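Fold and geometry: a report
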Amino acid sequence: MHIVITDCDHESVDIERAGIEAAGGRLTLCQDATPEGIIKNAIDAQGLIVQYGQISAEVLAALPDLRVVSRYGVGVDTVDVEAATRHGVAVCNVPDYGTEAVSDHAITLALSVLRDVTGLDRRLRQGQPSLAPAQPIFQLRGRRFGVIGAGAIGMATARKAAGLGFEVVLTDPRLTPGETTNEGWAVMSFEALLASAQVVSLHLPLIEQTHHLIDAAALAAMREDAILVNTARGGVVDTDALVEALEAGRIFGAGLDVLEEEPLAAGHPLTRFERVILTPHAGFYTEESYAELKARTAQNAVDVIAGRRPRNILNPEVLAQS
């Protein structure tokens, strides 16, 4: 059993190595995410573990022994899942490892923007103790917190928002507007949520249907005192449209952990706004979630190669072909 990590920015892969070697396998860390590098380094591999590498149809066709691609994290937009299925290659991810971490981060961003925590801190350090530049500051209780995407992270965020006193509302294609969840939260249409929520928190995968879901029209539909929180995928938001909406004062602010282009370029227009808080795709991270991510990513690959159904697989039909 040979498993190749095509690329990762982790300090160590000891957790992955321990799990793979315990199963009798061998791990190689390559750090070359180009198609040519992946093909060269994984020519005899049965499994790939990837972070940013693009696993295209070309790469898949060039690796005849490959049986599984296991990605660190939730999104698999860097993997051609259809091509993998045609080649009988399982595609695995870890969709729920960061539920608590990411939902914590979404709430932190919302509260920080609403109370201008970073602005108050920065000005105080500069000898400006006045509260006036931070006004208006809003209380949480009674404000409407809209969750777009009712998966595990979205529901965890909703639970935490409700615990702080927010009025929680949800929208999701799998839920019917007008219904009420078991938790007592109202389900709304996408349009109604945008028009009424004072916090709009995104918890969606990046797929064709969600690309630029938050565009100029969506931003124009939001309240002027609303803030946008994105801990999902940068491409769900049209960045240029967001900058324009902030410049025009059409929305109050934003808390963004993910962006269309990462890392954020120095001097990017988003850095000009006082009520925009930016973090470097850090929402996933806690010591606990980081270790879980690494262990489960490796275990998914081991399970497929060993002929077992992995915990998370996007194309389970390939298992019947093995």
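Details of the structure are given in the entry above.
Residues numbered from 1 in each chain as written. Predicted model: local features only at pLDDT ≥ 70, side-chain atom pairs only at ≥ 80, totals over all residues. Heavy atoms only, no water.

**Notes on the sheet that holds strand β5 (residues 90-92)**
Selection criterion: Pairing between strands is defined by DSSP: at least two bridges between them are needed. Numbering of helices and strands starts at the N terminus; helices are DSSP runs of H or I of at least 4 residues and strands are runs of E of at least 2. The angle between two axes is taken between their N-to-C directions and runs from 0 to 180 degrees, where each axis is a line fitted to C-alpha atoms and a helix contributes only its stretch in contact. Throughout, a residue-residue contact means that at least one pair of heavy atoms, one from each residue, lies within 4.5 Å.
In space, the five strands of this open sheet follow the order β2-β1-β3-β4-β5, with parallel pairing throughout. For this open sheet the edge positions go to β2 (26-29) and β5, each flanked by a neighbour on one side alone. Across this sheet, the average inter-strand angle for adjacent strands is 20°, counted without regard to direction. Across three bridges, the pairing between strand β4 (residues 68-71) and β5 is parallel. Opposite V68, over in β5, you have A90 as the bridge partner. Of the strands in this sheet, β1 (2-5), β2 and β3 (47-50) are in contact with helix α1 (residues 14-22), which crosses β2 at around 150°. Along the sheet, helix α11 (residues 287-305) contacts β1, β3, β4 and β5; its crossing angle with β4, the most-contacted strand, is approximately 165°.

**Some details on the state of the cysteines**
Rules: By disulfide we mean two sulfur atoms from cysteines, separated by a distance within 2.5 Å. The buried label goes to any residue with under 20% of its type's maximum accessible area, the exposed label to any with over 50%, and the partly exposed label to all in between, with areas taken from a 1.4 Å probe on protein chains only.
Within this structure, the stated rule accounts for zero disulfides. Looking at the unpaired C8, the closest cysteine sulfur is the one in C30, lying at 11 Å. A relative accessible area of 6% means that C8 is categorised as buried. On the basis of relative accessibility, which here comes to 21%, the residue C30 falls in the partly exposed class.

**Looking at helix α7 (residues 152-163)**
Put simply, the test is: An expected span of 1.5 Å times one less than the residue number is assigned to each helix.
Taking 1.5 Å per residue, 12 residues should reach 16 Å; α7 reaches 17 Å between its end C-alpha atoms and fits that length. Where α7 is buried, its residues meet α5 (99-114), β6 (144-148), β7 (167-171) and β9 (199-202). Just past α7, the residue G165 takes up positive phi, approximately 105°.

**Some points on the environment of A110**
The residue A110 is located in helix α5 in this model. A C-alpha to C-alpha distance of 7.2 Å links A110 and V199, two positions 89 residues apart in sequence.

**Describing unusual backbone geometry**
Look at the link from Q135 to P136: it is a cis peptide, with omega at 5°. Within the fold, P136 resides in the loop between α6 (117-125) and β6. Looking along the chain, the bond that leaves E262 and enters P263 is cis, with omega of 0°. Summarising the element assignment, P263 is placed in the loop between β11 (253-256) and β12 (276-278). Notably, Q31 is not glycine yet its phi reads approximately 60°, a positive angle. On the basis of relative accessible area, Q31 is assigned to the partly exposed category, the value being 43%. Phi is positive for H281, which is not a glycine, with a value near 55°. Locating H281 in the fold gives a position in the loop between β12 and α11. Classification of H281 by relative accessible area gives partly exposed; the value is 30%.

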